Amino acid sequence: MGWIDTLNNRVARSIAGRWFRLEGSGAKVERAGSKFSIELRAGLTTFVAMAYIISTNALILTDSGGTCDCDRELYGATCATDPAYTKCLQGLKLDLITATCAISCLACVLMGALANLPIALAPGMGLNAYFAYTVVGYHGTGKVSYRNALAAVCIEGIIFFILSVVGLRQWFARLIPVSLKTATAAGIGIYLSFIGLQSAAGIGLITGSQATLVELGGCPPQYRDANNVCHGHKMEGGPTWLGILGLMVIGTMLLYRVKGAILIGIALVAIISWPRPTPVTYFPYTPAGTDAFNFFKKVVTFHPIESTLNQFHWDLSSGEVWIALITFLYVDILDCTGTMFSMAKFGGYMDERTQDFEGSSMAFLVDSSSIAIGSAFGCSPLTAFIESGAGIAEGGRTGITSIVTGMMFFIALFFAPIFASFPPWATGPALVTVGSMMMQNVVQINWKYIGDGLPAFITIIMIPFGYSIGYGLIAGIGSFIFINSSVNLIHRLSRGRIAPPNYSERDDWLGFVTRGGFKSNIPPWIMRLFGKQPVAIGESDALSSNDLCASNDTSSELKEVAVSRGHHDHQV
């Protein structure tokens, strides 16, 4: 037995091992295949895959202007010619780098320690762009001020927290048909791969096109315009070919089951890209490249938050604030719900009988509280990151993975120059690889029944094409409701005489919605508060779906399952 096995066994037999339910810990329900060393590697992999958020989120939110302002009558609407404003933006960017690292660290540690899930949280891409460019506007040219927008984000987090406490958010999640939950995972896989193939967060193989929206690219950066459209020299870009090489290296190592294959591939491409005098350098001899290289050379630095901490303005009289608040609510709840359930499916800890996953109640509470706390740091809403799939693919099964990711964000507070300098063509291959792994669940969709298969397919294609998990779910849920409501109405009006030929092959969506009732979504600690003691997790296994279907006493069924499911989210 090597020292790694010895370490794994000692940690598993410790109090921490039982809390996180590591394999061999003796916990009532262990996470199969979970080992301390694997969790460490998985957490590091997740962090490296999503480290781009440190600099990207700061850049996007800086474009909002933050707390900076100028005499707009003198310097124009965007304050572009005001030197003091430009200097303020430089300080704002450093503030937001620190804020991004700090809130991501806190959120990931809470998710891991309380929910015991390998899911990382950070300010969400898409939501930050909506916050910066639509709500606040470029350099504050929108109808809502930066401080007002932060207040709206804080209120959103509070509303989410209340919904999670009373169980409404979990109940909404269970309303989503099982076929759409499975389709969401596959759609996110394509979405991840699409991001990994682009230039902003990938290898640049796919670029914009004025005629066909997207096309084969791969041209050097100097031949791309502001819209990422290649003007000649396609497939001649060194970074693109280096990214393709990284993808092939990761794929080959995975084929031979090399431990840490994804992490090794990311690190290899990043190290090759750091030297300057090469055609694949991340720091070209341009003003932007020189600034990035000067920041990279600092290696160790820490910048305290000076201008974004606790900058709320509680003026909710504007209708634009409420529009922003409602938009944050529905987009974030669909994005986060879809991501969490997809990661649960991918990680193998989804309960197929209840269509819920262990720790969901606490996960939603952590997510909502992190949104509110993040607004106090000056950040847009946080959400579960689909890059968590990279860590799950490395074997992450417990909250230790998320805690390690959080600790890496803490280290990044002091080593931001290093972690903010991973080029997109280093992380892009990892996203494509994880995307391919997430497609494996597509075979579980009920393709035989068009009422399940078509909405699932719409969900799959709308997530990447609409560039939003939330919009993909809206399209899938809307089509599912229309098709199946029409069939159900015709079936009822005809008293069962008119029905699709394979009507019996449909998924039992109503059973998943009603099984366990509303009580099954209430967090265990609230059940205890009212004197309802949940039973042990293992006892819920005694109630099989066949037993439930066979019983005629429906009210008794729901009561039994409510008690057993109520404890399913409880951490032993």
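This structure is a prediction, so every number in the text was calculated from the model and none was measured.

**A look at helix 21 (residues 469-493)**
For helix 21, which comprises 25 residues, the first-to-last C-alpha distance of 36 Å matches the rise-based estimate of 36 Å (1.5 Å per residue) to within 8%. Of the positions making up helix 21, those classed as buried are Ile 469, Gly 470, Gly 472, Leu 473, Gly 476, Ser 479, Phe 480, Asn 484 and Val 487.

**What about the state of the cysteines?**
If you walk through the whole model with that rule in mind, you get three disulfides. Here Cys 68 connects covalently by a disulfide to Cys 88, the sulfurs 1.9 Å from one another. Sign of the S-S torsion, about -85° for the bond between Cys 68 and Cys 88, identifies this disulfide as left-handed. Placement of Cys 68 in the loop between helix 4 (52-62) and helix 5 (72-75) and of Cys 88 in helix 6 (residues 83-115) is noted, with a sequence separation of 20 residues between them. Cysteine pairing for the protein chain (bonded cysteines numbered in sequence order): 1-4, 2-3, 5-6. The structure places no disulfide on Cys 105, whose sulfur is separated from the nearest cysteine sulfur, that of Cys 108, by 7.7 Å. For Cys 105, a relative accessible area of 11% gives the class buried.

**Here's the deal with the UniProt feature "transmembrane region" (unreviewed entry) in the protein chain**
UniProt records the feature "transmembrane region" (unreviewed entry) for residues 96-114, 120-138, 150-172, 184-206, 241-274, 321-341, 398-419 and 456-483 in the present numbering. Overall, residues 120-138 shows 53% helix and 16% strand. The separation of its end C-alpha atoms is 29 Å. Within residues 456-483, the helical portion is 89% and the strand portion 0%, while the C-alpha atoms at the span's ends are 12 Å from each other.

**Some details on the pattern of salt bridges**
The final tally for this structure, using the stated rule, is seven salt bridges. When the shortest N-O distance is used, the salt bridge between Asp 69 and Arg 72 registers 3.2 Å. Close ionic contact of Lys 234 with Glu 215 constitutes a salt bridge, the shortest N to O distance being 3.3 Å. Taken together, the positions of Lys 234 in the loop between strand 3 (213-216) and helix 11 (238-255) and Glu 215 in strand 3 put the pair 19 residues apart, joining distant regions of the chain. On the basis of relative accessibility, which here comes to 39%, the residue Lys 234 falls in the partly exposed class. Look at Glu 215 and you get partly exposed, because its relative accessible area is 21%.

**Considering the packing of aromatic side chains**
Within the structure shown, the criterion is met by 17 aromatic pairs. Here the aromatic rings of Trp 274 and Phe 296 are separated by 5.2 Å at their centres, their planes lie at 45°, and the arrangement is tilted. Residue Trp 274 is found in the loop between helix 12 (261-273) and helix 13 (287-298), and its partner Phe 296 is found in helix 13; the two are separated by 22 residues along the sequence. Site record: aromatic cluster; members linked through ring pairs are Trp 274, Tyr 282, Phe 283, Phe 293, Phe 296, Phe 422 and Trp 425. Note that Arg 276 overlies the ring of Tyr 285, its terminal NZ or CZ placed 4.1 Å from the centroid.

**Overview of the environment of Asp 367**
Relative to the assigned elements, Asp 367 resides in helix 15 (residues 360-377). Since its relative accessible area comes to 0%, Asp 367 is described here as buried. C-alpha of Asp 367 to C-alpha of Ala 120: the two residues are 247 residues apart in sequence and 10.0 Å apart in space. Setting aside anything within four residues of it in sequence, one finds Asp 367 in contact with Leu 121, Arg 169, Cys 336, Met 340, Leu 382 and Thr 383.

**Side note on helix 9 (residues 168-175)**
Buried within helix 9 we find Arg 169, Gln 170, Ala 173 and Arg 174. The buried residues of helix 9 occupy an angular sector of 140° when projected down its axis, which confines them to one face.

Procedures and definitions
- One numbering rule holds for all chains: residues counted from 1, following each sequence as written.
- The predicted nature of this model means local features are confined to residues of pLDDT at least 70 and side-chain atom pairs, given and counted, to a pLDDT of 80 or more, with totals for whole chains, interfaces and linings taken over all residues.
- Each side-chain value is worked out from all heavy atoms of the structure, with water and hydrogens disregarded.
- In this text, helices come from DSSP runs of H or I with a minimum length of four residues, and strands from runs of E with a minimum of two, each type numbered from the N-terminal end.
- To estimate how far a helix should extend, the number of its residues minus one is multiplied by 1.5 Å.
- Relative accessibility thresholds used throughout: buried, under 20% of the residue-type maximum; exposed, over 50%; partly exposed, between the two (1.4 Å probe, protein chains only).
- Our working definition of a disulfide is a cysteine sulfur pair at a distance within 2.5 Å.
- UniProt positions are given in the numbering used here, feature names are shortened, and annotations may be inferred rather than shown by experiment.
- Here a salt bridge means any side-chain nitrogen of Lys or Arg lying within 4 Å of a carboxyl oxygen belonging to Asp or Glu.
- Whether two aromatic rings pair depends on their centres lying within 6.5 Å, for rings of Phe, Tyr and Trp, where Trp uses its six-membered ring; planes under 30 degrees apart make the pair stacked, over 60 edge-to-face, and the rest tilted.
- Cation placement over rings: the criterion is NZ of Lys or CZ of Arg within 6 Å of the ring centroid and within 35° of the ring normal.
- Whether two residues are in contact is decided by their heavy atoms: any pair within 4.5 Å suffices.
- The reported arc concerns the directions from the helix axis to the C-beta atoms and nothing else.

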